[in-house]
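# A closer look at the structure
Each chain, written out:
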Amino acid sequence: METHPKKSHARILLSSVFGPYAQDDEFGSRSINPMELYHNQVTRAQGSFSLRMFHRSWGIMMIQENISAPCSVLDFPTRKAFACELTTNRYDIVGISGIIVNVGKVREMCRMVRELSPDSVIVVGGHVAAIPGVEKMIDADHIVRGEGISWMRQYLGEDEHAPIKHPMIVSGLETRIMGMRLPNRKGGTAATIIPSVGCPMGCNFCTTSAFFGGKGKFVNFYETGDELFEVMCRIEAELKVHSFFVMDENFLLHRTRAMRLLELMKEAGKSWELSVFASANAIRKYTMLELVELGVSWVWMGLESPKAGYSKLQGNDVRQLTRELREHGIRVQGSTIVGLEHHTPDNIVEEIESAIAHQTDFHQFMLYTPVPGTPLYQEMSEQGRLLPDIDFADVHGQYKFNFLHAAISREDSKRFLDWAFWRDFEKNGPSLYRMCGTMLKGWQRYKDYPDPRVRERFEREVKKLSSAYNAALWVMEKEFKKVNRSVSDRIHKLRREVEKEFPFIARLTAASLGPILLWSTRREENRLAKGRTYEPPTFVERRNWVSAT
Ligand code: B12
Ligand code: SF4
């Protein structure tokens, strides 16, 4: 492979695409597509109860940490900030990271580099690279498909097989709910850890699986439980966290690694919380006690319709599994695809209702979407079913179909999707309430558990439930009367149960903090009605840095 003439002395800028994001513009920003995980695709119909937060661009942070060249990361710039960085510092290489929806921004950023920093080599990476013919859409020197750390190391003449150093990543930023911004306390937010990229299950629509090799393939950054444990200890010490957001498409699938991690956690008395992504078949490889002892406190799991025949769901009663997980204090985030091949206007309502009946704490709905680079896209393209003239900025599963469905029209796809979000909210209530229920069940079940690590974890969680969250329950109970009286009654029942467990503190906070939260919730509702949106701040981080001469 070609290397850069300056090798590790090359000065590098790695940037994510520019904002603002939550607005409609000619570069591909869409108001329906904010730079927020929950509000974008999970709690978007929950109004002021929607969980709002941002996540950094971890791919470029990982690359920066693993090269020895002087390197700046510019995250969430404005166009002006990007231009200013290009002209203030002389860069030999400008790396731009984007996903498919952001191809218009990547194009504009390449144009800006050519104009403002014409000697720079332009490298484009991330999922945007999977678009067939992307070379003709953007003016870049290198388009990198798949894993980027090894590519960049090779390009700089460095050892591509050197161990992976993990950057210190605070998972969520600027968290808001019910009109309140949560304080940025050190250790107050989970740390992100990325053990691998890709997923060997290879579901036909899955873009992350396809991007890193497809069925049977994935890239492991940390092969063993020992390696993972060592990295987590380092992050724990530096960021003062107990909680980890494990960014691995199917963490529990690798049982040997997970069980070794558990062994080490037990030996060292680590009371950690893990939020993981896992398929139902992978979760079923563990007993509930193993999951609880491993600290699994939150699982993101696909609930795809059993009729769709995905192998990850086979032989599993997912509804029963969800119930069991929640009874053991494990919050479940379900993920449901709307508009599968077998869906029709006649059966889709029933299928959505059935997904909602899982009563997960959080529920993501996504339109079935052939995304460039996936087997599904290839298939649809061969069948001539991809709709012409659809802007890539709208191919993200939260708007309308980008293909011809046998029974559901493009317009109806949006209606069904929006309805699914609304119906889940209306029937099951705010996710914050559901989460409180799961936390209480976990506490009641494990407060006297023999392993002190487990007790400690549930005690940590229940502290929030017995104080601020109980005040939130008081507000939700009041506000939800307008939406669904029976859910409001359920919230009331839960609040009473919490107050029975913690009679003094829970009542005190509901009485003191409750009215303030009610006020901020209503203020937020008004702001949202007037079109208020949120944008992440811009970050500039330099490593191995020497000023340009
Ligand atoms: C965190 C995350 C977010 C964060 C924001 C991240 C950010 N700052 O941009 C939030 C939650 C806001 C978000 C939002 C969205 N996301 Co998102 N997100 C992710 C998630 C879960 C993790 C990304 C990650 O860090 N992975 C780990 C790192 C290490 O991997 P990586 O980013 O791919 O980077 C590697 C390579 O791609 C490459 N690389 C990356 N950049 C560069 C740059 C250069 C120069 C080089 C050489 C290499 C390189 O090297 C890296 C290391 O190997 C992924 C799923 C996943 N598992 O990856 C989805 C994912 C990237 N998101 C996706 C989508 C579709 C969205 C949304 C449109 C929402 C939606 N409807 O689903 C919005 C778009 C927001 C917007 N306006 O741009 C899709 C992208 C699909 C595609 N093919 O384009 C993914 C793959 C999820 C999925 N399976 O559908 N997302
Ligand atoms: S199990 Fe999930 S992450 Fe793995 S290929 Fe299927 S959809 Fe993708």
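Refer to the structure printed above.
These lines cover the structure that appears in this document, whether it is placed above or below. (Residues numbered from 1 in each chain as written. Chains lettered and ligands numbered in written order. Predicted model: local features only at pLDDT ≥ 70, side-chain atom pairs only at ≥ 80, totals over all residues. Heavy atoms only, no water.)

Time to look at the overall build of the protein. For the protein, the helix and strand inventory stands at 20 helices and 17 strands. At 24 Å, the protein has a C-alpha radius of gyration in line with the 24 Å of a compact globule built from 549 residues. C-alpha atoms of the protein, sized along the principal axes, occupy 70 × 55 × 45 Å. In the protein, which comprises 549 residues, the share counted as buried stands at 60%. Pairs at least 24 residues apart make up 76% of the contacts formed inside the protein by residues separated by at least 6 positions. Here the protein has roughly 22300 Å² of accessible surface; of this, 53% comes from carbon and sulfur atoms. (Helix = DSSP H or I, 4+ residues; strand = E, 2+ residues; numbered from the N terminus. Rg over C-alpha atoms; globule rule 2.2 N^0.38 Å. Buried < 20%, exposed > 50% of the residue type's maximum accessible area, 1.4 Å probe, protein only. Contact = heavy atoms within 4.5 Å. Areas by Shrake-Rupley, 256 points an atom, 1.4 Å probe, with all protein chains shown as cover.)

What follows is about the sheet that holds strand E15 (residues 331–338). Taking strand neighbours across the sheet as the criterion, the 6 strands line up as E9-E12-E13-E14-E15-E16 in an open arrangement whose pairing is parallel. If you trace the sheet from one side to the other, it starts and ends with strand E9 (191–193) and strand E16 (362–367), each paired once. For this sheet the average axis-to-axis angle between neighbouring strands, irrespective of direction, equals 15°. As judged from the 4 bridges shared by strand E12 (residues 243–246) and strand E13 (residues 273–277), these two strands associate in the parallel manner. Note on E13: the bridge partner recorded for Ser 243 is Glu 273. Lying on the sheet, helix H15 (residues 410–428) is in contact with E15 and E16; it crosses E16 at an angle near 175°. (Pairing = 2+ DSSP bridges. Axes fitted to C-alpha atoms, helices over the stretch in contact; angles between N-to-C directions.)

Here we come to the packing of aromatic side chains. In this structure the tally under the stated criterion is 21 aromatic pairs. Aromatic side chains Phe 245 and Phe 277 sit 5.8 Å apart centroid to centroid with 80° between the ring planes, which places their arrangement in the edge-to-face category. Linking Phe 245 in strand E12 with Phe 277 in strand E13, this pair joins segments that are 32 residues apart in sequence. Across the pair, exposure class does not vary: Phe 245 and Phe 277 are buried alike. Aromatic pair Tyr 368 and Phe 403: ring centres 5.9 Å apart, planes at 80°, arrangement edge-to-face. Of the two residues, Tyr 368 is situated in the loop between E16 and helix H14 (375–382) and Phe 403 in the loop between H14 and H15; the sequence distance between them amounts to 35 residues. Side by side, Tyr 368 and Phe 403 carry an identical accessibility label, which is buried. By way of ring pairs, the aromatic residues Trp 58, Phe 245, Phe 277, Trp 298 and Trp 300 are connected into one cluster. (Phe/Tyr/Trp six-rings, centres within 6.5 Å; stacked < 30°, edge-to-face > 60°.)

This part covers the pairing of strand E14 (residues 296–302). In terms of burial, E14 is largely enclosed, as 7 of its 7 residues are buried. Sheet topology note: the E13/E14 ladder contains 4 bridges and is parallel. Paired with Val 276 across the bridge in E14 is Val 299.

As a further point, take the pattern of salt bridges. Counting across every chain of the model gives 45 salt bridges. One salt bridge connects Glu 426 with Arg 423, and the closest N-O pair in it is separated by 3.0 Å. A residue pair is termed a helical-turn pair when its members lie 3 or 4 positions apart in one helix, as Glu 426 and Arg 423 do in helix H15 at 3 residues. Here the salt bridges share partners, and the residues they tie into one network are Glu 477, Arg 495, Arg 496, Glu 499 and Arg 507. (Salt bridge = Lys/Arg side-chain N within 4 Å of Asp/Glu carboxyl O.)

A few words now on the nonpolar core. Core analysis: the largest hydrophobic core is formed by 117 residues, its most contacted members being Phe 244, Leu 252 and Leu 274. For this core, the element with the highest residue contribution is helix H16 (residues 431–446), accounting for 8 residues. The contacts of Leu 252, once residues within four sequence positions are left out, are Val 276, Phe 277, Ala 278, Ala 282, Ile 283, Tyr 286, Leu 291 and Leu 294. (Core = buried A, V, L, I, M, F, W, Y, C linked by side-chain atoms within 4.5 Å.)

Surveying the vicinity of ligand 1 reveals 39 residues, the closest of which are Ser 57, Ser 97, Glu 147, Thr 207 and His 396. With respect to ligand 1, the side chain of Ser 57 contributes an N or O atom lying 2.7 Å from a nitrogen atom. Between ligand 1 and the protein, one listed contact pairs an oxygen atom with a side-chain N or O atom of Asn 102 at 3.1 Å. Where the shell around ligand 1 is concerned, the elements lending two or more residues are helix H1 (37–41), helix H2 (58–65), strand E4 (93–97), strand E5 (121–125) and helix H7 (207–211). Across the shell around ligand 1, the residue classes break down as 17 nonpolar, 18 polar and 4 charged. (Near = heavy atom within 4 Å. Polar contact = N/O pair within 3.5 Å; in protein donor to acceptor, adjacent residues only side chain to side chain. Nonpolar A, V, L, I, M, F, W, Y, C, P; charged D, E, K, R; others polar.)

Moving on, we come to the environment of Ser 8. The topology assignment puts Ser 8 in the segment before strand E1 (12–16). Excluding residues that lie within four positions of it along the chain, Ser 8 makes contacts with Ser 68, Ala 69, Pro 70, Leu 156 and Glu 158. Of note is the side chain of Ser 8, whose polar atom sits 2.6 Å from the side chain of Glu 158.

This part is about the environment of Glu 85. On the secondary structure map, Glu 85 appears in helix H3 (residues 79–88). C-alpha separation for the pair Glu 85 and Glu 350, spaced 265 residues apart in sequence, amounts to 52 Å. Each residue touching Glu 85, except ones within four places of it in the same chain, is listed here: Leu 13, Ser 72, Leu 74, Tyr 91, Val 540 and Arg 542. Side chain to side chain, Glu 85 and Arg 542 meet in a polar contact 2.8 Å long.

Turning next to the side chain of Ser 57. Inspection of the secondary structure assignment puts Ser 57 in the loop between strand E2 (52–55) and H2. Leave out the neighbours within four places in its chain, and Ser 57 touches Ser 16, Asp 75 and Phe 76.

To continue, consider a nonpolar patch on the surface. On the surface, a nonpolar cluster with roughly 310 Å² of combined accessible area is contributed by Phe 504, Ile 505 and Leu 508. Mapped onto the elements, Ile 505 comes out in helix H20 (residues 503–529). (Patch = residues over 30% accessible without salt bridge, like charges linked within 9 Å, V, L, I, M, F, W, Y side chains within 5 Å.)

Within this model, the largest pocket holds a volume of roughly 1400 Å³. Ranked by residue count, the leading element in the lining of the largest pocket is H16, at 4 residues. Tallied by class, the residues present in the lining of the largest pocket amount to 22 nonpolar, 15 polar and 7 charged. Its volume calculated, the second largest pocket comes out at about 500 Å³. If you trace the second largest pocket, you find 19 residues lining it, with Arg 326, Gln 359, Tyr 433, Gly 437 and Lys 441 closest to the centre. Only helix H12 (318–327), H16 and helix H19 (485–501) provide two or more residues apiece to the lining of the second largest pocket. Sorting elements by how many residues they give to the lining of the second largest pocket places H16 first, with 6 residues. Grouping the constituent residues of the lining of the second largest pocket by class yields 4 nonpolar, 6 polar and 9 charged. (1 Å grid on protein atoms, 1.4 Å probe; cavity = no way out; pocket = protein on both sides within 12 Å on 5 of 7 lines; lining within 4 Å. Points joined across faces, edges and corners; volume = space filled by probe spheres on them.)

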